[in-house]
Amino acid sequence: MQIANLDLGPRPLLLAPMEDVSDPPFRLLCRRMGADMVYTEFISAGGLAYGAKGSVQKLEFYEDERPVGIQIFGGEIEQVGEAARIADAQNPELIDINFGCPVKKVVCKDGGAGILRNLPKMEAITQAVIEASNRPVTVKTRLGWNDESIRIEEVARMLEATGVAALAVHARTRAQMYKGEARWEYFPRIKAALRDIPLIGNGDATTPEKIKAMFDQTGVDAVMIGRGAIGNPWIFRDA
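Below you will find a few notes about this structure.

Thresholds applied
Residues numbered from 1 in each chain as written. Predicted model: local features only at pLDDT ≥ 70, side-chain atom pairs only at ≥ 80, totals over all residues. Heavy atoms only, no water. Helix = DSSP H or I, 4+ residues; strand = E, 2+ residues; numbered from the N terminus. Buried < 20%, exposed > 50% of the residue type's maximum accessible area, 1.4 Å probe, protein only. Contact = heavy atoms within 4.5 Å. Polar contact = N/O pair within 3.5 Å; in protein donor to acceptor, adjacent residues only side chain to side chain. Salt bridge = Lys/Arg side-chain N within 4 Å of Asp/Glu carboxyl O.

Some remarks on the environment of V223
Here comes step 1: Relative to the assigned elements, V223 resides in strand β11 (residues 222-225).
Here comes step 2: Residue V223 is classed as buried on the basis of its relative accessible area, which comes to 0%.
Here comes step 3: The spacing of V223 and L119 is 104 residues in sequence and 25 Å in space, taken between C-alpha atoms.
Here comes step 4: Residue contacts for V223: discarding those within four places in its chain leaves P12, L13, L14, I200, G201, A205, I211, M214 and F215.

A look at helix α1 (residues 24-32)
Here comes step 1: Listed in full, the buried residues belonging to α1 are F26, R27, L28 and C30.
Here comes step 2: Residues of α1 that are buried make contact with β3 (13-15), β4 (37-39) and α10 (235-238).
Here comes step 3: The N-cap residue of α1 is D23: its side-chain oxygen and the backbone nitrogen of F26 are 3.1 Å apart.
Here comes step 4: Immediately beyond the C-terminal end of α1, within one or two residues, lies G34, with a positive phi of roughly 120°.

Digging into the pattern of salt bridges
Here comes step 1: Taken as a whole, this structure holds 16 salt bridges when the rule is applied.
Here comes step 2: Where E65 meets R27, a salt bridge forms, and the shortest distance between an N and an O atom there is 2.4 Å. Taken together, the residues E65 in the loop between α3 (53-57) and β6 (68-73) and R27 in helix α1 connect sequence positions 38 residues apart. Neither residue differs from the other here; E65 and R27 are each classed as buried.
Here comes step 3: Salt-bridge contacts for R135 lead to D88; the nearest nitrogen and oxygen are separated by 2.7 Å. With a gap of 47 residues between them, R135 in the loop between α6 (119-132) and β8 (137-142) and D88 in helix α4 (residues 77-88) connect regions that are remote in the sequence. The pair formed by R135 and D88 is uniform in burial state, with each residue classed as buried.
Here comes step 4: Through salt bridges with shared partners, one network takes in R11, K212 and D216.

Note that every value here comes from positions in space, so none of it alone points to a role or purpose.
Take a look at the structure:
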């Protein structure tokens, strides 16, 4: 699988960006256990734009972690563009936009999954990041805000047309949070909606067997492992 010119090989396994989990030591451990790529914790665009110490610190990574993606989030177009410029200067392999976090304090300001209620703004934020970056830009999102507003195939086509290099989808709505089963049946439909960029599956990839099943049953190009790796970096090796 390739993200722009980044070749991750067949069926790559990616460590998801997780707040208070995906710090540099854990990312490095997961790489050593077989993760093909890792992501930073999600970083506030506002925090970067204002130089907040905690946000700036999250930009740091070890050279041995590569390939690494820096993930940013925010609902203000200019702030997210500025954050992308700051992240780009760190020279990661790619910059990822978080359009999937379901936490209330994030979505209330159109950050994370909150942007799924405003697709034109989602497109504008994505375009701002692409224009500010010298490297590939990817997106991680959810199926929709709730069951009544699932438009993920339309979103996939829009994001690809905007210029993202890969799309990761957590197969739940924001309303589901992390409850219930991930709805893998959407992955083939999303894959069919995309023309040239890879689809990264996320959601319930909690055991080696489920990871294999996601590849076999849905046709995703890569699997992003989140909660399944917490306390268990060996999942990459075993999968």
